[in-house]
Amino acid sequence: MTETSETDLIERAQRGDRSAFEALLRSHYDAMYRMAYKWCGNREDAQDITQTACIKLARSLASFRFQSAFLTWLYPLVINTAKDWMRARARHPAGDGKDPDYAQEPVAEQKVYAGQVLDRIRALPEREREAIYLVFSEGLSHREAAQAMACRESTVSWYIHEARKKLRSLREREARHG
Amino acid sequence: MDERQLKEILGAEAVPPADENARKQAINLALAAFDEARRETRKKRQGFGLLGRLIGRDRKRSKGRPMRKSLVLGGSAAALLMMVATASVFTARSWLDAQRAGPQRVLMLDKADAGRDPGEKREREFAAAEQAAPAPTIAETKRKPAKQPSVDARGQLELQYRLSSPMQGGGVPILVVPSPGDVVPPHYQDVGRDQFQSVEQNPVKRVAEDPVSTFSIDVDTASYAFVRRQLNHGVLPQKDAVRIEELINYFTYAYPLPEARERPFETTVSVTPSPWKDGNKLIHIGIKGYDIEPAEKPRSNLVFLLDVSGSMNAPDKLPLMVNSMKLLLDTLGPEDTVAIVVYAGAAGTVLEPTKVAEKNKILAALDRLQAGGSTAGAEGIRQAYALAEASLDDKAVNRVILATDGDFNVGITNREELKDFIERKRDTGVFLSVLGFGQGNLNDHLMQTLAQNGNGVAAHIDTLNEARKVLVEEASSALFPIAKDVKIQVDFNPRKVAEYRLIGYETRALAREDFSNDQVDAGDIGAGHTVTAIYEITPVGSENRMIEPSRYETTAAVSETPFADEYAFLKIRYKLPDQDRSTLITTPVTLAQESATGASAREAQWATAVAAFGQLLKGGKYTGAYTYDDVIALAQGAKGDDRFGYRAEFINLVRLARTASALPKN
């Protein structure tokens, strides 16, 4: 979708055009789902999170001011929903939250390591984790990530620095034992 | 670990595609939310003053597509949205409620009031716990410095209060003063979706013409919770929502307990001077049901019939309901059985009858509940009764507990049919209780009717504390009926009483001849229940008579009669739960009962205060110059032990009502 047509859709949806909103949803559902999946790591939760986020979007779209890219504005919406969802889950644990289909498939050693890193990332403090995702997974610049996270650019850099320090210790341990 | 590697790992993570159905559902739900949002924006424009200005173009739209409930899980959207922007909804709601309450009231809760009131705090905490989304209105509010109050064309000062969430505003209400242009008067007044039956207060009756008063007892308390909720939002409740007997019976009174189960309840009668009218007297009739010792509780066979329609998707509905059910579960014995049926778009059995010993299974089933879909109450009722009957045990208490937030949209929409159905099932031994959750969609009347036909109670649950009261403290009373079809008849002595008026119980009036007709159904009383009824009487010779006597009536003084010291004669009929023939208890109401002291005098005083409050809320037709302050003074003196703080909470409610009613009427 070109930028103009996206802007146009948003504006129309903000004015109450139902079909424009629907088109907007259809074009962004996958991106939102992807964000949710990256955050929680399993399909069921990701679908539920995306659903909740879509509903939230219906209400809050009116407050989008075109001050950032729409996607950048969407990140915190999805990620906050995901955070709340996972918190609620933690209160009522039901299973380990992993998707059995994907967790149990036979994997090469490299994949095991990647899985460990991902697990490690999911165990990071929320803000650090958010910064890592936005920058390394979604490819945002520190500046854009700062916009999405509603903090200063230097804070994003600091989160990433902290997160990498923690991840590095995993690597070092790996090296010692490996 | 370097950046490249991180990027690789994150990028290489396999993301399985989303399920196509999940995708469709999400989009449908969001579209429904979108429709609802637009509807709300139009309807509750006042509440969204700031938002309205920001997307002002929407205002030009005069008509929108109505939400198609049957199509997609519609209501959930609305409810979820409430959760999303809780702060703004509070505002909209309060404003809407103010409109609905009749005269336009504009509210400002002072900080002290907000701080004093535990109910409100609780609710706010609840909301905050669920407050998930960025709530734009709050942010906006915070950014804008509070403007000076502005005066609109009509010279009125319009204020709106906006409760900030504790997370964002430190729990202090933020006052927002919209500029005149933002405050659009509502287009129509009757937008309240909570439905109440409109009932006139019982009139004053002349003993000479109508010496006998007959009514059925009522142990429901739903009205109190609703009134509390409204007052905590700073609005006076609709007059029809106030049922005085339910306010009075909300409290537990320390009447003497009956000794044995054969005589299931004890009556306590006292006569006190009327605080709102000199010379008049109040006759209190207190009934305390026999309390079952835990050891002799019969087994329970419960079927939870839970509404999981979309509209239940609000923090004070489904999550509260699930937590309430968990509380109830704790009070059950290991041999009791629980089954769960949910109804929404379709009805389904979530849990087959399961012994409470397998508690984990039940808890897991409760935790799996999710809201979505429209409400097909009737279908669910059929399934629930089928389950209850499948495990029907003559010695057990067989009960369906229906938890809903309102209407029954699909299925048996004919109320009479539904009533008949429940009534027939009642005769097979399965009773029904109804728990109402949330507000905005409640069909109070239907709830009451269903519970009354199903020999159960209807209660409105607005907080977890209330759930504890209804389901835990009163669990045995709600679950174990000790007497059914309890009717009260009072025969007034025309030589002592000129006029009388029954306070409350309007919906429970019976014809005089119904009293001894065992075919006529009446209210039931559970273990440990207390029921209080108050008559206001004008003694013979008093100047307070409301009705002029007939010119031709003999006024000649009657010589001494055997009943000279009796105001009235109280008759109570009841049936034991397994009997079809009624038993009669009688007690004279005598002059000697005027000198009550100690606990019974205090309890009578408390009931009087609550009755006075209820009457003031209903407009104070009979209470003369009595004020909320008088109610507070009267109640303060009768608080007693108040172990759980219910009476203290009541006094706070009176203060809130005083604040809300003191504001200028438009």
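Figured I'd write up the structure that's included with this text. From a predicted model like this one, the values you see are computed outputs, not experimental measurements.

## A word on the pairing of strand S6 (residues 281-289) of chain B
Residue and element names in this part refer to chain B.
- Most of S6 is tucked away, with 9 of its 9 residues classed as buried.
- Of the two faces of S6, both are covered, the one formed by Lys281, Ile283, Ile285, Ile287 and Gly289 as well as the one formed by Leu282, His284, Gly286 and Lys288.
- Where strand S5 (residues 265-273) lies against S6, 9 bridges are found, and the strand directions are antiparallel. Bridge pairing in S6 links threonine 268 to glycine 286.
- In terms of strand pairing, S6 meets strand S16 (residues 530-539) through 8 bridges, oriented antiparallel.

## Quick word on the nonpolar core
- Counting residues in each nonpolar core, the largest one holds 66 residues, and the members touching the most others are A:Phe21, A:Leu57, A:Leu61, A:Phe70 and A:Ile121.
- Among the elements that take part in this core, helix H2 (residues 18-40) of chain A stands out by supplying 12 residues, more than any other.
- Once you skip the residues sitting within four places of it in the chain, A:Leu57 turns out to touch A:Phe21, A:Leu25, A:Phe70, A:Trp73, A:Leu74 and A:Leu77.
- Counting 40 residues, the second-largest nonpolar core is a separate cluster that includes B:Val242, B:Tyr255, B:Ile534 and B:Leu656.

## Digging into the packing of aromatic side chains
- Under the criterion given, the structure shown has 27 aromatic pairs over all chains.
- Here the aromatic rings of B:Tyr224 and B:Tyr250 are separated by 3.8 Å at their centres, their planes lie at 20°, and the arrangement is stacked. Note that B:Tyr224 is positioned in helix H10 (residues 222-232) and B:Tyr250 in helix H11 (residues 244-250), a separation of 26 residues in sequence. Both residues of the pair, B:Tyr224 and B:Tyr250, count as buried.
- One aromatic cluster in this structure is built from B:Tyr224, B:Tyr250, B:Phe251, B:Trp606, B:Phe613, B:Tyr628, B:Tyr646 and B:Phe650.
- The ring of A:Trp39 has A:Arg129 sitting right over it, with the charged end atom 3.8 Å from the ring centre.
- Cation over ring: B:Arg382 sits above B:Phe421, and NZ or CZ is 5.8 Å from the ring centre.

The rules behind the values
Positions within a chain are numbered from 1, following the residues in the order the chain's sequence is written. Whichever chain is written first becomes A and whichever ligand is written first becomes 1, with later ones labelled in order. Owing to the predicted nature of the model, reporting of local features is limited to residues with pLDDT of at least 70; listing and counting of side-chain atom pairs is limited to 80 or more, with chain, interface and lining totals taken over all residues. Hydrogen atoms and water are omitted, and side-chain values are computed over all heavy atoms in the structure. Think of it in three bands: with a 1.4 Å probe and only protein chains considered, a residue is buried below 20% of the maximum accessible area for its type, exposed above 50%, and partly exposed in between. Elements are defined by DSSP. Helices are runs of H or I of four residues or more, strands are runs of E of two residues or more, and each kind is numbered from the N terminus. Note on pairing: DSSP must find at least two bridges between two strands before they are called paired. Among the buried residues, those of types Ala, Val, Leu, Ile, Met, Phe, Trp, Tyr and Cys that are joined through side-chain atoms within 4.5 Å form a nonpolar core. Between two residues, a contact is recorded if the distance between any of their heavy atoms is within 4.5 Å. The rule is short: rings of Phe, Tyr and Trp, with Trp giving its six-membered ring, pair when the centres are within 6.5 Å, and they are stacked under 30 degrees, edge-to-face over 60, tilted in between. Charges are assigned to positions over rings by a cutoff of 6 Å between ring centre and Lys NZ or Arg CZ, combined with an angular limit of 35 degrees from the ring normal.

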